[in-house]
Amino acid sequence: MPEPDPDATTLAHQSAPAARRRVSVVGVLGELLLTAGALILLFLGWQLWWNDAIMAAQQSDAASGLSAQWAEEDRATHGDAAAPATGDYGDPLVDTSDHANGEAFAIMYVPRFGEGSQRGIAEGTGFDVLNSYDTGVGHYPGTQMPGEIGNFAIASHRSAYGGGMHEIEQLQLDDAIYIQTRDGWYTYRFRDLEYVTPDAVGVLAPVPHHPDLTPTDRIITLTSCNPLYSTAERIIAYGVLESWQPASAGPPAEIAAQVATWGA
Amino acid sequence: MYGALWRILPGPVWVRVIILIAIAAGVVYALFTWVFPWVDGIITPRDVTVEQ
């Protein structure tokens, strides 16, 4: 924007093109600052929505692809003769084998989080897992495995990078949290939320906040950041294992129809 | 700066507007494809885990 110039009228009268071409330092600085502001807003839009949506779609596709692959492998092993769709399968099978950092060994599916919310769970909670296009949910090393007595603790982003736990605050009592592994399906039921500071590692204990106690329950703990778009606190969601069924029994009834479309 | 850009562009107003839109689209594409992912890797990602 040209600044008011006492000579503007005479200059404009004598040589209009020369007057318009005058560049002021303040004017250029102002335009640079405006440009910088626009770029920062554009970056935030890219990070929080554009890239978030792209990563969410890719993580979702990767998870459903892995789920379909496991179903295929199970059919190859056990044939089409499915185990009875209902029944008591006893204590859950627990895979306690070591998983390398970044290896996807489970899939999380929470109907409350909406369609396409399935995410692969990989070992480790570094950014190589949480910001990955293939997984997005990380398992805290040292915490228990799906179905195991104690605490199966996992973490994911709440906003950006696919936001695997974007809707975590919407969980309601008894909402299902399904965990699929090669072995089968673990059905957890949501119990309650907790808000803690980022150093509250007590939530990862086999009995949360009571590291001295011996666990008897099989629980799941989801951790993400709080408030939304901030990292000041952590939001924690707890659930307890309700049931387990082997892979040959197929997915739980509530999500069977949807799972059937995965990998199609 | 932007005034100079406007004057450098040839043709009538509607041609200049189309050229500017094309330039802006190219700039946004380059930002989204190369610049922002690079910047994102440099600035600290959002932390979601509990740790000591």
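Residues numbered from 1 in each chain as written. Chains lettered and ligands numbered in written order. Predicted model: local features only at pLDDT ≥ 70, side-chain atom pairs only at ≥ 80, totals over all residues.

Draft legend 1. Examining helix 2 (residues 25–78) of chain A more closely. For helix 2 of chain A, with 54 residues, the first-to-last C-alpha span of 76 Å sits near the 80 Å given by 1.5 Å per residue. The largest bend in helix 2 of chain A comes to about 40°, at A:Trp46. Within the span of helix 2 of chain A, buried status applies to A:Trp46, A:Gln47, A:Met55, A:Ala56, A:Gln59, A:Ser60, A:Ala62, A:Ala63, A:Ser64 and A:Leu66. Elements that come into contact with the buried residues of helix 2 of chain A comprise strand 1 (104–109), strand 2 (119–123) and strand 3 (136–139) of chain A together with helix 2 (13–42) of chain B. Immediately downstream of helix 2 of chain A, the backbone of A:Gly79 shows phi near 75°, a positive value. (Helix = DSSP H or I, 4+ residues; strand = E, 2+ residues; numbered from the N terminus. Expected span 1.5 Å × (residues − 1). Bend = angle between axes of the 7 residues up to and from the residue. Buried ≥ 20, exposed ≤ 12 C-beta atoms within 10 Å, placed from the backbone. Contact = placed C-beta atoms within 7 Å.)

Draft legend 2. Up close: the UniProt feature "transmembrane region" (unreviewed entry) in chain A. According to UniProt, the "transmembrane region" (unreviewed entry) feature falls on residues 23–50 of chain A. Span residues 23–50 of chain A is 93% helix and 0% strand, its end C-alpha atoms 37 Å apart. (UniProt positions renumbered as here; feature names shortened; annotations may be inferred.)

Draft legend 3. Looking closely at the nonpolar core. Residue and element names in this part refer to chain A. Counting residues in hydrophobic clusters, the biggest one holds 47 residues, and the most contacted among them are Ile-107, Met-108, Ile-121, Ile-154 and Ala-237. Considering each element in turn, this core owes the most residues, 6 residues, to strand 8 (residues 233–246). If sequence neighbours within four positions are ignored, Ile-154 has contacts with Met-108, Ile-121, Val-137, Gly-138, His-139, Tyr-140 and Leu-222. (Core = buried A, V, L, I, M, F, W, Y, C linked by C-beta atoms within 7 Å.)

Draft legend 4. Spotlight on the pairing of strand 4 (residues 150–156) of chain A. Residues and elements named next belong to chain A. By the criterion of burial, strand 4 is predominantly enclosed, with 6 of the 7 residues buried. Looking at chain direction, strand 3 and strand 4 are connected through 3 bridges and run antiparallel. Looking across to strand 4, one finds that His-139 is bridged to Ile-154. (Pairing = 2+ DSSP bridges.)

Draft legend 5. Molecular detail of the pairing of strand 8 of chain A. Residues and elements named next belong to chain A. With 12 bridges joining them, strand 6 (residues 184–196) and strand 8 adopt antiparallel strand pairing. Bridge pairing in strand 8 places Phe-190 opposite Gly-239. In this structure, strand 7 (residues 218–226) lies alongside strand 8, joined through 8 bridges in antiparallel fashion. What sits directly across from Ile-220, in strand 8, is Gly-239. With antiparallel pairing between neighbouring strands as the criterion, strand 7 and strand 8 make up a hairpin whose turn holds 6 residues, including Tyr-229 at a positive phi of roughly 70°.

Draft legend 6. Examining the confidence of the model for chain A more closely. Residues and elements named next belong to chain A. Confidence in the prediction for chain A averages 88 pLDDT; 88% of positions are at 70 or higher. Helix 1 (residues 8–20) is the least confidently modelled element of chain A, averaging 48 in pLDDT, while strand 5 (residues 176–180) averages 97, the highest of any element. Confidence over residues 6–16 falls short of pLDDT 50; this stretch has 4 contacts with residues more than four positions distant or in other chains. (pLDDT = per-residue confidence, 0-100.)

Draft legend 7. Inspection of unusual backbone geometry at higher detail. Residue and element names in this part refer to chain A. Here the amide bond leading from Asn-226 into Pro-227 is cis, since omega sits at -10°, within 30 degrees of zero. Note that Pro-227 resides in the loop between strand 7 and strand 8. One non-glycine residue with positive phi stands out, namely His-209, at about 70°. Take His-209: it is sitting in the loop between strand 6 and strand 7. Notably, Tyr-229 is not glycine yet its phi reads approximately 70°, a positive angle. Note that Tyr-229 resides in the loop between strand 7 and strand 8.

Draft legend 8. Representation of the interface of chain B and chain A. The interface of chain B with chain A comprises 15 residues on the first partner and 28 residues on the second. Per element, the largest residue contribution to the side of chain B that touches chain A is 5 residues, and it comes from helix 2 of chain B. Residues of the side of chain B that touches chain A, tallied by class, amount to 9 nonpolar, 2 polar and 4 charged. (Nonpolar A, V, L, I, M, F, W, Y, C, P; charged D, E, K, R; others polar.)

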